[in-house]
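Notes for the structure review
One-letter residues, chain by chain:
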Amino acid sequence: IFVNKILAHYTGSTEKNFIEWGKAFAAKKKNPSEVNDYIENVIQPVLADEKPKLEAVLIKSTWKNTNRGLIAWILKRCEVFAAHICKDDIAKGVDLYQNTDIEHIEPQSSTELDDSYNHALGNLTIQEKGFNRANGKLKFDQKLSSYGKSAFKMTNALHGMPQTGGVTKKAYELFYTAEKWGATEIHDRT
């Protein structure tokens, strides 16, 4: 659903796939190896085919050319996934992250980078309300200490990997850590 929403595909094809996959699972539910084979040989190729299209769209999605609610939803959904890995309570989904601001890591007014980088998805993060205003036009290295205090894993990871292990470390490994910030880091993070 996420892939099709981003790619703006006709949802009828998505619904058709889910119905077909559901019927196949129901028919194979008594034999887990058949279910695994079906996932590997039918579903995964469909998803693999969509991946390059999704990546191309995400690279082109920016704060200026994409619905800001959708951008916020994408960022919050990434945070929900990290919370899921940490076994946090995610019953509220993205609604759990209502008191957030979207922050440009490289300030959106920066003249050091092209607008396509300043407003790229990889240059955006979620942060607690108030931090965005406090960070304002500060450079990346000046913002790192506030990123380290953030409760959001995607923002906190920019400061560096935690010294913990287990599920917390796995959640942080989903996100990008950087010692410097520029076009390469923004592209990679996107």
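Residues numbered from 1 in each chain as written. Predicted model: local features only at pLDDT ≥ 70, side-chain atom pairs only at ≥ 80, totals over all residues. Heavy atoms only, no water.

As for the overall build of the protein
The test is simple: By the criteria applied, helices consist of DSSP H or I runs no shorter than four residues and strands consist of E runs no shorter than two, each listed in order from the N terminus. Only protein chains enter the accessibility calculation, which uses a 1.4 Å probe. A residue is then buried if its area is under 20% of the maximum for its type, exposed if over 50%, and partly exposed in between.
Along the protein, the regular secondary structure elements total 10 helices and two strands. For the protein, the sequential pattern of α-helices and β-strands runs α-α-α-α-β-α-β-α-α-α-α-α. C-alpha atoms of the protein, sized along the principal axes, occupy 55 × 35 × 30 Å. Counting the 190 residues in the protein, one finds 41% classified as buried.

Considering the environment of Phe 175
Quick reminder of the rule: Any two residues whose heavy atoms approach within 4.5 Å at even a single point are treated as in contact.
Take Phe 175: it is sitting in the loop between helix H9 (166-172) and helix H10 (183-189). A residue is classified by how much of its surface remains accessible, and Phe 175, at 14% relative accessible area, is buried. Considering only alpha carbons, one finds Phe 175 and Gly 160, 15 residues apart in sequence, at a separation of 10.0 Å. Beyond its immediate chain neighbours, meaning those up to four positions away, Phe 175 contacts Cys 78, Glu 79, Ala 82, Lys 153, Met 154, Ala 157 and Met 161.

A look at the state of the cysteines
Simply put, the disulfide is a covalent bond whose two ends are the sulfur atoms of two cysteines. Here is the rule we go by: Note that a disulfide, as used here, is simply two cysteine sulfur atoms within 2.5 Å.
If you walk through the whole model with that rule in mind, you get zero disulfides. The thiol of Cys 78 is not disulfide-bonded; the next cysteine sulfur, from Cys 86, is found 14 Å away. Residue classification places Cys 86 among the buried residues on the basis of a relative accessible area of 13%.

Here's the deal with the side chain of Glu 79
The test is simple: Polar contact is the term for a pair of N or O atoms within 3.5 Å; when the atoms are in protein, one must be able to donate a hydrogen and the other to accept it, and sequence-neighboring residues count only if both atoms are side-chain atoms.
By the secondary structure assignment, Glu 79 is in helix H4 (residues 68-85). Of note is the side chain of Glu 79, whose polar atom sits 3.1 Å from the backbone nitrogen of Met 154. Excluding anything up to four places from it in sequence, Glu 79 contacts Tyr 97, Ile 126, Ala 151, Phe 152, Lys 153, Met 154 and Phe 175.

Let's talk about unusual backbone geometry
Leaving glycine aside, a negative phi is the common case for residues, and trans is the common case for peptide bonds. With a phi close to 65 degrees, Lys 87 is a non-glycine residue in the positive phi region. Structurally, the position occupied by Lys 87 is in the loop between H4 and strand E1 (100-104). For Lys 87, a relative accessible area of 68% corresponds to the exposed category.

Details of helix H3 (residues 32-60)
What counts here: Each helix should span, by expectation, one fewer than its residue count multiplied by 1.5 Å. At any given residue, the bend is defined as the angle formed between two axes, one fitted to the seven residues that end at that position and one fitted to the seven that begin there.
Between its first and last C-alpha, H3 extends 40 Å over 29 residues, near the 42 Å set by a 1.5 Å rise per residue. The sharpest bend along H3 measures roughly 40 degrees and falls at Gln 44, with the proline Pro 45 sitting one to four residues further on. Of all the positions in H3, only Val 35, Tyr 38, Ile 43, Glu 50, Leu 54 and Leu 58 are classed as buried.

Examining the pairing of strand E2 (residues 124-128)
For the record, the criterion: DSSP-based pairing: two strands are paired if at least 2 bridges between them are found.
A large share of E2 lies buried, amounting to five of its five residues. Pairing of E1 with E2 involves five bridges; the strand directions are antiparallel. Across the sheet, Asp 101 pairs through a bridge with Gln 127, a residue of E2.

Examining the packing of aromatic side chains
Stated precisely, the cut-off is as follows: Between 30 and 60 degrees the pair is tilted, below 30 it is stacked and above 60 it is edge-to-face, where a pair is any two Phe, Tyr or Trp rings, Trp via its six-membered ring, whose centres lie within 6.5 Å.
The tally for this structure, following the rule as stated, stands at four aromatic pairs. Look at Tyr 97 and Phe 152: their rings are 5.7 Å apart centre to centre, the planes differ by 65 degrees, and that puts the pair in the edge-to-face class. With Tyr 97 in the loop between H4 and E1 and Phe 152 in the loop between helix H7 (140-149) and helix H8 (153-159), the pair connects residues that are 55 residues apart, well separated along the chain. Here Tyr 97 matches Phe 152 in class, with each residue buried. One aromatic cluster is present, formed by Phe 140, Tyr 176 and Trp 181 through successive ring pairs.

Interpretation in functional terms is not warranted from these geometric data alone.
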